[in-house]
Amino acid sequence: MITSVNRDIMPENWYNVVPDLPEPLAPPRDSKQDFSSINLLNKILPKEVLKQEFTFRRYEKIPDEVMEQYEQIGRPTPLIRARNLEKHLGYRGKIFYKYEGATATGSHKINTAIPQAYYAMKEGVNGVTTETGAGQWGSATALAASLYGLPAQIFMVRISFEQKPLRKTVMNLYNGNVVPSPSTLTEYGRKILKEHPDTPGTLGIGISEAVEYALDHDYRYMVASVMNVSLTHQSVIGQETKKQLEILGEHADVLIGCVGGGSNFGGFTFPFIPDGDETEIIATTADEVPKFSRGDYKYDLVDSAGVLPELRMYSLGADFVPPTIYAGGLRYHGASPSLSLLINRGRIKSDEVTESEVKDALRTFANTQGIIAAPESGHAIATAINYVKAHRNENKTIVVNVSGHGMLDLSIFGEKQ
Amino acid sequence: MKKLIPYFTLGYPDNSRLCRFLDILPVEKINYIEFGFPSDDPRYDGPVIRKTHSVGNSNFSDSVYSKYFDYFYKNHIKMYSLSYFSDIKDRFDEFIAYLQKNRFSGIIIPDLIIDYFSESRGVIEDLNKRGFEYIPFFSPATPDSIIKNVASLTDSWIYYGLQPSTGIEIPYELDYTTERINTLLPGREITYGFGIKSDEDIKNLMKNGGSGVAIGTYLVKMIDSGDEKGFVDYINRMRGVLDA
Ligand SMILES: Cc1ncc(COP(=O)(O)O)c(C=O)c1O
């Protein structure tokens, strides 16, 4: 049941940062001379999603039907003061965490899966399809599709498919169909399998397969991250956080989140951008995927097949195959253009943490707060812990986005699932 | 009077066929004319205009067009160059002097504030000093503060691209989009371009306070097929829609 307090916390609109950026956002660009991949989006995205992507409305009304589903899957999510962690670290300031793991599918991904599936359903399409790394996005897509009675075809990066068999069970429970990618379901997948039979797969390959599948089956492609529209939908996280801080009489001095494609991070931090430069904002990535420190800020491919338009972003190159790291959701080679621009201009700082720092942070967080966070979110927690250690004598209010739980990612600690 | 602005890439499909279309263009029906100087990397154009650039690049001959520049000037049609900064930045003085000599009124530079933001203010002020119009090019992705700041540096009309690239068809919210730019720049002349073709689009844009439209991709089809009659009819019809 939803209480009036909860309703007050949930925003009525999604927030799009683009009208508030300090410089113009470079538009997506066709990668081929005589073909428009931008036009192709008309065939693979629900019209309303495409319209939102390119209209750049600062405030986009959240449809009532989507609001209802947000309530059903556990919005608003809690903002919790991590007193035990503060004590453990001996910190004089405050640490809060916004807990997106409290949603039904266990991560923030459901925040954009619901509206996208809703718009696809309204268009009367055959189904939806997407790629997934660790399986969080695939689970969210499968549930959202199921809520609207649509079939879902999911291409899961092969290494994750092998490492996380229980995710497949979850997606199947939500009526989703899952195959390891590269797969034999698409021409692109068959080509990669022939050329690199042992490839662990990448999100770029998965995206290429899902787009091809969408075109062949009149399905709509669900955008996990990177494209602006998914960051806009995720803005419920940051807007709720602002409201919750306001109710508590608190002000965020530092915001920290992890970046795969940028959706949980953008959703969490962008609603604070129009307030000025007072809040320090830090984006954390994996040491193995150092897109902000070693990537170039340039136009690059989103998917490895080059079907989608190029975006100007920080990128390690669409062919980048990261080590088979523990945090599948952070393996993506690029990051959302709006986030990339803000990092390039110095408004948002970046950090990288190593696997051992992340594991220590996850253990500490579990020991102190009882939450087993997702490995991706462990990066944000690790950066927060490092921040506290480096600013011991200050008493700032640090807010961390814990983008998901890691109950199905326990194998990173050595035990088999 | 609402402005009708046809766009042509110089040198496309070849110099003599383009001249033929310029010859039959009903000058009394248009207000401004936009000439694309062929670019090596027309990055913010769609596939149709991109093709005109790559063809135009190998054909363009300056001597062919000077008499047309003269002709349009004498007919009181203001001429604007569409040029990418990436192409002209190394010979900027020379290029602007060339345009001024040919009595162009101004220049549209689609990549200036996107790719060369830090240099853009200096470039605009330099053009102001030369008495040459800089036409701000904005799109729905341009942040509010940039629209206001850049527009405040000039008195000219504004070019507002409705699509992320020329000649493609992404659905957009016409009422919201026009209201936003009208609110940000009250009283300014806003001309819409990028992806306009139907009478309906134009009617709605004018109803929402637009001051004109630029048409490019749609004309290429007629130029490609040598459809001179269709071309003249289309310009006449658009004039009618604008004046309705
Ligand atoms: C729990 C969790 N957090 C973060 C991410 C990173 O993605 P994004 O940067 O798009 O939020 C993922 C991606 O799979 C994830 O599952």
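Quantities reported herein were computed from a predicted structural model and do not represent experimental measurements. (Residues numbered from 1 in each chain as written. Chains lettered and ligands numbered in written order. Predicted model: local features only at pLDDT ≥ 70, side-chain atom pairs only at ≥ 80, totals over all residues. Heavy atoms only, no water.)

A. Region of the structure containing the overall build of chain B. When helices and strands are counted, chain B shows 12 helices and nine strands. When its C-alpha atoms are laid out on the principal axes, chain B stretches across 45 × 40 × 30 Å. Considering chain B as a whole, with its 244 residues, one finds that 61% of them fall into the buried category. Long-range contacts, defined as pairs at least 24 residues apart, comprise 74% of the intrachain contacts of chain B with a sequence gap of at least 6. A total of about 9,300 Å² of accessible surface is found on chain B, and carbon and sulfur atoms cover 49% of it. (Helix = DSSP H or I, 4+ residues; strand = E, 2+ residues; numbered from the N terminus. Buried < 20%, exposed > 50% of the residue type's maximum accessible area, 1.4 Å probe, protein only. Contact = heavy atoms within 4.5 Å. Areas by Shrake-Rupley, 256 points an atom, 1.4 Å probe, with all protein chains shown as cover.)

B. The overall build of chain A, seen in detail. Looking only at helices and strands, one finds 17 helices and 14 strands in chain A. A globule of 417 residues ought to have a C-alpha radius of gyration of about 22 Å, and chain A, at 20 Å, matches this closely. In terms of principal-axis extent, the alpha carbons of chain A reach across some 55 × 45 × 45 Å. A total of 417 residues make up chain A; the buried ones form 65% of that total. For chain A, the proportion of contacts with a sequence separation of at least 24, taken over those separated by at least 6, is 77%. Within the structure as shown, chain A displays about 14,600 Å² of accessible surface, and the carbon and sulfur contribution to it stands at 48%. (Rg over C-alpha atoms; globule rule 2.2 N^0.38 Å.)

C. How the structure looks around the interface of chain A and chain B. Taken together, the 31 residues of chain A in the interface contact 30 residues of chain B. A per-residue breakdown of the area chain A buries against chain B is headed by P24, Q33 and T55 of chain A, which together make up 21% of the total. Our count for the contact surface shared by chain A and chain B stands at four salt bridges. Taken together, the elements giving at least two residues each to the side of chain A that touches chain B come down to helix 2 (37–44) and helix 3 (47–55) of chain A. (Buried area = accessible area lost by both parts, 1.4 Å probe. Salt bridge = Lys/Arg side-chain N within 4 Å of Asp/Glu carboxyl O.)

D. Up close: the sheet that holds strand 8 (residues 219–221) of chain A. Residues and elements named next belong to chain A. Pairing within the open sheet is parallel, and its four strands lie in the order 7-6-5-8. Both outer strands of the open sheet, strand 7 (176–181) and strand 8, are each paired with one neighbouring strand and no more. The sheet shows a mean angle of 25° between the axes of neighbouring strands, direction not considered. Where strand 5 (residues 127–132) meets strand 8, three bridges bridge the pair, whose relative direction is parallel. Paired with T129 across the strands is Y221, a residue of strand 8. Here helix 11 (residues 203–217) sits on the sheet in contact with strand 5, strand 6 (152–157), strand 7 and strand 8, set at roughly 170° to strand 5. (Pairing = 2+ DSSP bridges. Axes fitted to C-alpha atoms, helices over the stretch in contact; angles between N-to-C directions.)

E. Layout of the pattern of salt bridges. In total, this model carries 41 salt bridges over all chains according to the counting rule given. The residue D115 of chain B makes a salt bridge to R312 of chain A at a minimum N-O spacing of 2.3 Å. Note that D115 of chain B is positioned in helix 6 (residues 112–115) and R312 of chain A in strand 12 (residues 311–315), a pairing that runs across two chains. By relative accessible area, R312 of chain A is classed as buried at 15%. The salt bridge involving K78 of chain B is made with E133 of chain B; its shortest N-O contact spans 3.2 Å. Note that K78 of chain B is positioned in strand 3 (residues 78–82) and E133 of chain B in strand 5 (residues 133–135), a separation of 55 residues in sequence. One network of salt bridges, in which partners are shared, links D20 and R58 of chain A together with D144 and R180 of chain B.

F. The arrangement of the nonpolar core in detail. Core analysis: the largest hydrophobic core is formed by 94 residues, its most contacted members being Y70, Y221, F270, L339 and I348 of chain A. Take this core: its biggest share by element is seven residues, from helix 6 (residues 110–123) of chain A. Residue contacts for Y70 of chain A: discarding those within four places in its chain leaves M10, W14, I62, R75, N111, I114, P115, H233 and V236 of chain A. Within the second largest apolar cluster, 88 residues are counted, among which are Y80, Y84, L112 and Y159 of chain B. (Core = buried A, V, L, I, M, F, W, Y, C linked by side-chain atoms within 4.5 Å.)

G. Region of the structure containing unusual backbone geometry. Put simply, R75 of chain A and P76 of chain A share a cis peptide bond, and its omega is -5°. Examined against the element boundaries, P76 of chain A turns out to sit in the loop between helix 4 (64–72) and strand 3 (79–81). Looking along the chain, the bond that leaves Y12 of chain B and enters P13 of chain B is cis, with omega of -5°. Its identity is not glycine, yet F56 of chain A carries a phi of approximately 55°, on the positive side. With respect to the element layout, F56 of chain A can be found in the loop between helix 3 and strand 2 (59–61). Backbone geometry places H76 of chain B, a non-glycine residue, at a positive phi of 60°. Tracing the sequence through the fold places H76 of chain B in the loop between helix 3 (62–74) and strand 3.

H. The sheet that holds strand 1 (residues 3–9) of chain B, seen in detail. The nine strands are arranged 5-4-3-2-1-9-8-7-6 (chain B) in an open sheet whose pairing can be described as parallel. Of all strands in the sheet, those with a lone pairing partner are strand 5 and strand 6 (137–138) of chain B, marking the two edges.

I. Summary view of the packing of aromatic side chains. This model, assessed by the stated rule, comprises 34 aromatic pairs over all chains. Within the aromatic cluster, the residues linked to one another by ring pairs are F35, F37, F60, Y65, F69, Y71, F72, F95, Y98 and F104 of chain B. Sitting above the plane of the Y299 of chain A ring, R29 of chain A keeps its charged end 4.4 Å from the centroid. Looking at R57 of chain A, its charged tip hangs above the ring of Y176 of chain B, at a distance of 4.3 Å from the centre. (Phe/Tyr/Trp six-rings, centres within 6.5 Å; stacked < 30°, edge-to-face > 60°. Lys NZ or Arg CZ within 6 Å of the ring centre and 35° of its normal.)

J. Region of interest: helix 1 (residues 15–24) of chain B. All names here are of chain B. Of all the residues in helix 1, the buried ones are N15, L18, C19, F21 and L22. Take helix 1 and look down its axis: the buried residues cluster within an arc of 160°, on one side only. Buried residues belonging to helix 1 abut strand 1, strand 2 (32–36), helix 2 (47–59), helix 3, helix 11 (217–225) and helix 12 (228–243). The N-cap residue of helix 1 is D14: its side-chain oxygen and the backbone nitrogen of S16 are 3.2 Å apart. (Arc of directions from axis to C-beta. Polar contact = N/O pair within 3.5 Å; in protein donor to acceptor, adjacent residues only side chain to side chain.)

K. Local environment of helix 12 (residues 228–248) of chain A. Residue and element names in this part refer to chain A. Counted at 1.5 Å a residue, the expected span for helix 12 with its 21 residues is 30 Å, and the 30 Å between its end C-alpha atoms agrees. The principal kink in helix 12, of about 35°, is found at Q234. Of all 21 residues in helix 12, 16 are buried, a share of seventy percent or more. Once helix 12 ends, the next one or two residues include G249, with phi positive near 70°. (Expected span 1.5 Å × (residues − 1). Bend = angle between axes of the 7 residues up to and from the residue.)

L. Local environment of the site of the ligand. All names here are of chain A. In the neighbourhood of the ligand, 17 residues make up the surrounding shell, with S225, G260, G262, N264 and S403 lying closest. Between H108 and the ligand, the recorded distance is 3.0 Å, taken from a side-chain N or O atom to an oxygen atom. When the ligand sits alone it has 390 Å² of accessible area, and the protein chains cover 97% of it. Residues that form the shell around the ligand fall into these classes: four nonpolar, 11 polar and two charged. (Near = heavy atom within 4 Å. Nonpolar A, V, L, I, M, F, W, Y, C, P; charged D, E, K, R; others polar.)

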